[in-house]
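# Breakdown of the fold
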Amino acid sequence: MKLIVKKRGKPLKLYALEALYRRLPNHHPVKEKVAIDLMKEKAGLFALRFLHEKTYSIMHDVRLEDHHGAFQLDTLLLTTKFGLILEVKNWHGTVIFGENGQVTRIGDDGMEEGFSNP
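Here's a quick rundown of the structure. Keep in mind it's a predicted model, so treat the numbers as computed, not measured.

All right, on to the pairing of strand β6 (residues 112-116) then. With 0 of 5 residues buried, β6 is to be regarded as a mostly surface element. In the sheet, strand β5 (residues 102-106) pairs with β6 via 5 bridges, with the strands oriented antiparallel. Pairing of Q102 across the sheet is with S116, part of β6. Hairpin geometry of β5 and β6 is characterised by an intervening segment of 5 residues between the two adjacent antiparallel strands and by a positive phi of about 85 degrees at G110.

Spelled out as structure tokens, the structure:
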């Protein structure tokens, strides 16, 4: 198995939203929606720069295979003592983790949304 380690860069979508937000006049009807989308996209990023690179290995978008198929980890943090899997979801509202891997999100508006084995 070959392991390719790559740094996580700023997503193209984030660059596009930032550019669009800067170029839209303040009174434009979609400026507020772009601002919200931009905030959501930035919320999905997280920084682990405070960790010393000689003590921690940080791998992003790690794709692994087993006998059931392939799966991907958002971020894998490794030390000599432990490994930590970080899965990042940009969810808001109330999140309920049920049995059998079912997840239900109840938004601020009371609407329920189900996710199977996220």
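Take the nonpolar core next. With 5 residues, the main nonpolar core is built from L14, L17, L24, V34 and L38. At the level of elements, α1 (12-23) and α2 (31-43) are the ones that each hand at least two residues to this core. Here L17 is in contact with V34, D37, L38 and E41, once residues within four sequence places are set aside.

Mapped onto the elements of the fold, K54 is located in the loop between α2 and β1 (57-66). Residue K54 is classed as exposed on the basis of its relative accessible area of 75%. Note: C-alpha distance between K54 and T79 (25 residues apart in sequence) is 9.4 Å.

Conventions we followed
Residues numbered from 1 in each chain as written. Predicted model: local features only at pLDDT ≥ 70, side-chain atom pairs only at ≥ 80, totals over all residues. Heavy atoms only, no water. Buried < 20%, exposed > 50% of the residue type's maximum accessible area, 1.4 Å probe, protein only. Helix = DSSP H or I, 4+ residues; strand = E, 2+ residues; numbered from the N terminus. Pairing = 2+ DSSP bridges. Core = buried A, V, L, I, M, F, W, Y, C linked by side-chain atoms within 4.5 Å. Contact = heavy atoms within 4.5 Å.

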